[in-house]
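# Structural characterization, general
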Amino acid sequence: MSYVSELLEQVKQRNANESEFHQAVEEVLESLEVVLEKNPQYIDAGIMERLVEPERQVVFRVPWVDDNGKVQVNRGFRVQYNSSIGPYKGGIRFHPSVNLSIIKFLGFEQIFKNSLTGLPIGGGKGGSDFDPKGRSDNEIMRFCQSFMTELYRHLGADTDVPAGDIGVGAREVGYMYGQYKRIRNVYEGVFTGKGLTYGGSLVRKEATGYGLVYFVEEMLKAKGDSFKGKRVVISGSGNVAIYAARKAEELGAKVVAFSDSNSYICCEDGVNCDIVQQLKEVERRRIREYKDRDAKASVHEGCSGIWSTKCDIALPCATQNELQKEDAEMLVKNGVIAVAEGANMPCTPEAVEVFQKNNVLFGPGKAGNAGGVATSALEMAQNSMRYSWTFEEVDAKLQQIMKDIYHSAATAAKEYGKEDDLVTGANIAGFLKVAEAMKAQGAV
Ligand code: NDP
């Protein structure tokens, strides 16, 4: 049995029933096999065994009182994965599906993503199985305060700096930050994605979606192509999806479909992003209600059918494993030329294989959606300086970071004999910096 297969076996045994975590580790370990062959010193230093084991995992009770006066109990998580290149950094997710496996897969991926940005941030992730849907503002606030009443002791501007993710937007970040500040009595950049009135950065809200499109534009440019005149399908209709759509449109593409967890909508003339934003970001309604405001649209039940919509570029921006082998085959049959992950691990390994076998340009989430955390690191930098950059300044830095990420992934892929394989390239480029830092710091 090879070193990597043996390690993978150990990971599976030690972390039984954590299928998403196994999936993420398997993808990374397999692509690093070529690096380990060339650099046995990483094996000698136990880098891989240490990488797959989080530095710290915190699981806690979150009791809160609902509007009917009833006590509810949720489970909170924070996995502090790796701090070799900077303080732990990674979002907080509120969704009923959240469990330790999901938080660990996200935290593990975050190590390499954060390294790829070139900025000094380690990897972490957190969340809760709390479902914000249908809850009043007061219930959300009480939940967030209770969540932070435990979590605060593990955080700090130089220790661990969370941000938003699924179910955690500006409102939730505000409530959590407020509670942290109250308990700790310090005004520090301990959260990113904060509101602009209390230390947030311009462009942070747009950053993941914009960054994804900057990345894809660079990927297309390398093949002499661009977004201009392309039909784009985007799954989800949350933070990442909305701003990816806006930037794709700005670059001359037409976005023809969006989804949420219940249904998807199509519009041949192009979906109106203002309506989507108003519906989802402002009014927190369902995507199917889009049709009430634009009669030209069609509504389809269920979200997975979205991949049968003909397009040139597909951007899965909802959640993990939302795009499977059959969906990939359908996209290929319909002539897709590029797919890039706005969400974390939205394509199953079998789907990625279909894209790669059919020479579809494929951008993995670790690289494609790194613009969010990169801009979070820019928010941390501004907080430390007690200074704010303009929209144009932050946007220019984001664009440059996304270009650099594309080129480091592409270069690493080529160097290790896997030209155009950005999955392998991103894993290698992200890994090398972390491995070197870990080796230098000794067995800690
Ligand atoms: P939001 O909560 O803003 O939006 C999530 C969207 O995905 C919603 O439209 C939601 O629909 C939909 N969705 C959620 N679960 C499912 C499901 N099981 N099936 C289909 N659709 C679903 O989250 P974000 O936009 O922030 O995050 C989206 C993805 O991007 C996640 O994978 C996240 O980890 C990743 N990401 C986010 C970053 C950020 O900066 N926000 C940074 C990097 C990655 P509904 O409204 O019905 O719930």
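Here we summarise the structure given alongside this text. (Residues numbered from 1 in each chain as written. Predicted model: local features only at pLDDT ≥ 70, side-chain atom pairs only at ≥ 80, totals over all residues. Heavy atoms only, no water.)

Looking now at the overall build of the chain. Secondary structure summary: the chain contains 16 helices and 12 strands in total. The C-alpha radius of gyration of the chain comes to 21 Å, within 12% of the 22 Å expected for a compact globule of 444 residues. A principal-axis box enclosing the C-alpha atoms of the chain has dimensions of 60 × 55 × 45 Å. Long-range contacts, defined as pairs at least 24 residues apart, comprise 72% of the intrachain contacts of the chain with a sequence gap of at least 6. As presented, the chain carries roughly 17,900 Å² of accessible surface, and 47% of it is formed by carbon and sulfur atoms. Positive and negative charge centroids in the chain, built from 53 and 60 side chains respectively, lie 4 Å apart. (Helix = DSSP H or I, 4+ residues; strand = E, 2+ residues; numbered from the N terminus. Rg over C-alpha atoms; globule rule 2.2 N^0.38 Å. Contact = heavy atoms within 4.5 Å. Areas by Shrake-Rupley, 256 points an atom, 1.4 Å probe, with all protein chains shown as cover. Lys, Arg positive; Asp, Glu negative; His and termini not counted. Charge placed at Lys NZ, Arg CZ, Asp CG, Glu CD.)

Taken together, seven strands build an open sheet; the order of strands is β9-β8-β7-β6-β10-β11-β12 and the sheet is mixed. One side of each edge strand has no neighbouring strand; the edge strands of this open sheet are β9 (298–301) and β12 (361–363). Strand-to-strand twist of the sheet, defined as the mean angle between neighbouring strand axes without regard to direction, takes the value 15°. In this sheet, strand β7 (residues 254–259) lies alongside strand β6 (residues 231–235) in parallel orientation, the contact comprising three bridges. What sits directly across from Arg231, in β7, is Lys254. (Pairing = 2+ DSSP bridges. Axes fitted to C-alpha atoms, helices over the stretch in contact; angles between N-to-C directions.)

Before going further, it helps to examine the site of the ligand. Contacts to the ligand come from 25 residues, most closely from Asp165, Thr208, Ser261, Arg286 and Asn344. For the ligand, an oxygen atom lies 3.0 Å from a polar atom in the backbone of Gly167. One of the backbone N or O atoms of Val240 is found 3.0 Å from an oxygen atom in the ligand. Put simply, the parts of the chain that give the shell around the ligand at least two residues each are α8 (204–221) and α9 (239–250). Tallied by class, residues from the shell around the ligand come to six nonpolar, 12 polar and seven charged. Domain assignment of the residues forming the shell around the ligand places at least three in each of domain 1 (3–187) and domain 2 (207–359). (Near = heavy atom within 4 Å. Polar contact = N/O pair within 3.5 Å; in protein donor to acceptor, adjacent residues only side chain to side chain. Nonpolar A, V, L, I, M, F, W, Y, C, P; charged D, E, K, R; others polar. Domains from an automatic or database assignment.)

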